[in-house]
Amino acid sequence: MAIYTRTGDQGQTSVIGGRVYKDDERVEAYGTIDELNSFVGQAASLAEGEKFADLREDLLQIQQELFDCGSDLAYVKIKESKYKVTSELWERLEQWVDRYEQENPKLERFILPGGCQLAAVLHVCRTVCRRAERRVVTLSHKTDINEEALKYINRLSDFFFTVARTANARLAVPDVEYMRSRKVFGNKS
């Protein structure tokens, strides 16, 4: 079987239920999710050893779910009952965030993305995830989408922020605070 099909040579691609141009909002949305999935794969490959076994398992699960998000967004028309991303997925992400957050030092100021190599890649995941979210929102202005997928992507960026900090904490690498940040987290006065 040949990988190349030549069906996209004129700038169009197939989606579930039709064909669209490759710069269509739908393709931008699920294409950015695909890009995110690649970075998640990179993060999973860096989550080595017993210290990160739980995180690696969670990242591999997220890769599966990102395919589900992309699939849900690739449908031109679908009955809601056919969607793969449900509220259970983003509710579970909230539980994961709460669990990992318990390991993290108190956060008072904005931090710079980085730290250990795994944390740095997880911060890349977070920023690409935010871009994916913006693309999905743009798509939602033009057509009906699976709202649960949008919620999932929103929670996922919180997950990446949290586990980037956890990766640093587990390796005793301190987060680097943004020098000009005032205290924005924690005590509300």
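You'll find the structure just up there.
One structure accompanies this document, and this report is about it. Treat the numbers as computed from the prediction; the structure is a model and nothing was measured.

1. Brief notes about the packing of helix α4 (residues 117-142) against helix α5 (residues 147-170)
For any two helices packed against each other, one specifies the crossing angle of their axes together with the interaxial distance. Viewed as axis vectors pointing N to C, α4 and α5 meet at an angle of 165°, and their least axial separation amounts to 8 Å. Judged by the angle between their axes, α4 and α5 are roughly antiparallel. Both α4 and α5 take part in a crossing whose hand is left-handed. When α4 is examined against α5, the residues Leu118, Ala119, Leu122, His123, Cys125, Arg126, Cys129, Arg130, Ala132, Glu133, Val136 and Val137 are found in contact with a partner set consisting of Leu150, Ile153, Asn154, Leu156, Ser157, Asp158, Phe160, Phe161, Val163, Ala164, Ala167 and Asn168. Residue composition of the contact of α4 with α5, by class: 16 nonpolar, four polar and four charged.

2. A look at the packing of aromatic side chains
Under the definition given, this model contains three aromatic pairs. Residues Trp96 and Phe159 carry aromatic rings whose centres are separated by 5.8 Å and whose planes lie at 50° to one another, so their mutual orientation is tilted. Of this pair, Trp96 sits in helix α3 (residues 87-101) while Phe159 sits in helix α5, and the two are 63 residues apart along the sequence. The buried category is assigned to Trp96, whose relative accessible area is 10%. You can call Phe159 buried: its relative accessible area is 0%. Centre to centre, the rings of Tyr100 and Phe159 are 6.0 Å apart; their planes meet at 75°, and the pair counts as edge-to-face. With Tyr100 in helix α3 and Phe159 in helix α5, this pair connects stretches of sequence that are 59 residues apart.

Here is what the cut-offs are and how they apply
- Residues numbered from 1 in each chain as written.
- Predicted model: local features only at pLDDT ≥ 70, side-chain atom pairs only at ≥ 80, totals over all residues.
- Heavy atoms only, no water.
- Axes fitted to C-alpha atoms, helices over the stretch in contact; angles between N-to-C directions.
- Helix = DSSP H or I, 4+ residues; strand = E, 2+ residues; numbered from the N terminus.
- Parallel < 35°, antiparallel > 145°, perpendicular 65-115°, else oblique.
- Left-handed = near helix turned anticlockwise from the far one by under 90°.
- Contact = heavy atoms within 4.5 Å.
- Nonpolar A, V, L, I, M, F, W, Y, C, P; charged D, E, K, R; others polar.
- Phe/Tyr/Trp six-rings, centres within 6.5 Å; stacked < 30°, edge-to-face > 60°.
- Buried < 20%, exposed > 50% of the residue type's maximum accessible area, 1.4 Å probe, protein only.

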